[in-house]
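Listed below, chain by chain, are the residues.
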Amino acid sequence: MYYLIYSEDVENSLPLRKQARPAHLARLNALKEEGRLLVAGPCPAIDAEDPGEAGFTGSMVVAEFADLLAAQAWADADPYLDAGVYQRTIVKPYKKVLP
């Protein structure tokens, strides 16, 4: 089943994001290579594809996990958490309907 992982950033998280980004992306790429990643990406702080120094307010991942506990454990091991990027993370079951 798919699970939605939504994480909210602390204020002024961009420097922290830049530092932890390679490790964060490596985990996402592993999900992708396993065929379990539906979508992932950050939420720009302004209405722009590239927010520049405005940075981001959070991130969303939708991926397949065995169950809610496995999804939560994956989210809890995110390098962005260790780096202090995220202030809060929500994990919920997700049902893909379209497309």
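What counts as what
- Residues numbered from 1 in each chain as written.
- Predicted model: local features only at pLDDT ≥ 70, side-chain atom pairs only at ≥ 80, totals over all residues.
- Heavy atoms only, no water.
- Phe/Tyr/Trp six-rings, centres within 6.5 Å; stacked < 30°, edge-to-face > 60°.
- Buried < 20%, exposed > 50% of the residue type's maximum accessible area, 1.4 Å probe, protein only.
- Lys NZ or Arg CZ within 6 Å of the ring centre and 35° of its normal.
- Salt bridge = Lys/Arg side-chain N within 4 Å of Asp/Glu carboxyl O.
- Helix = DSSP H or I, 4+ residues; strand = E, 2+ residues; numbered from the N terminus.
- Polar contact = N/O pair within 3.5 Å; in protein donor to acceptor, adjacent residues only side chain to side chain.
- Contact = heavy atoms within 4.5 Å.

Asker: I'd like to hear about the packing of aromatic side chains, residue by residue, with values.
Answerer: For the structure on display, the rule yields three aromatic pairs. Summarising the aromatic geometry, the rings of Y80 and Y86 are spaced 5.5 Å apart at their centres and angled 80° between planes, so their arrangement reads as edge-to-face. Y86 carries the same exposure label as Y80, and that label is buried. A cation over an aromatic ring shows up here: R27 above the ring of W74, its NZ or CZ 4.0 Å from the ring centre.

Asker: Please provide a residue-by-residue account of the pattern of salt bridges, values included.
Answerer: As enumerated under the stated definition, the model contains four salt bridges in all. One salt bridge connects R17 with D9, and the closest N-O pair in it is separated by 2.7 Å. Taken individually, R17 and D9 each receive the classification buried, so the pair is uniform in this respect. When the shortest N-O distance is used, the salt bridge between R36 and E34 registers 2.5 Å. By relative accessible area, E34 is classed as partly exposed at 48%.

Asker: Let's hear about the side chain of S59: which residues, and what values?
Answerer: Residue placement: S59 occurs in strand β3 (residues 56-64). Judged by relative accessible area, S59 falls into the buried class, the value being 6%. A distance of 2.8 Å separates the side chain of S59 from the side chain of R17, its partner in a polar contact. For S59, the side chain forms a polar contact with the side chain of Y86, separated by 3.2 Å. Once you skip the residues sitting within four places of it in the chain, S59 turns out to touch I5, Y6, S7, R17, G41, P42, C43 and Y86.

So far we have only geometry, and geometry alone does not tell us how the molecule works.
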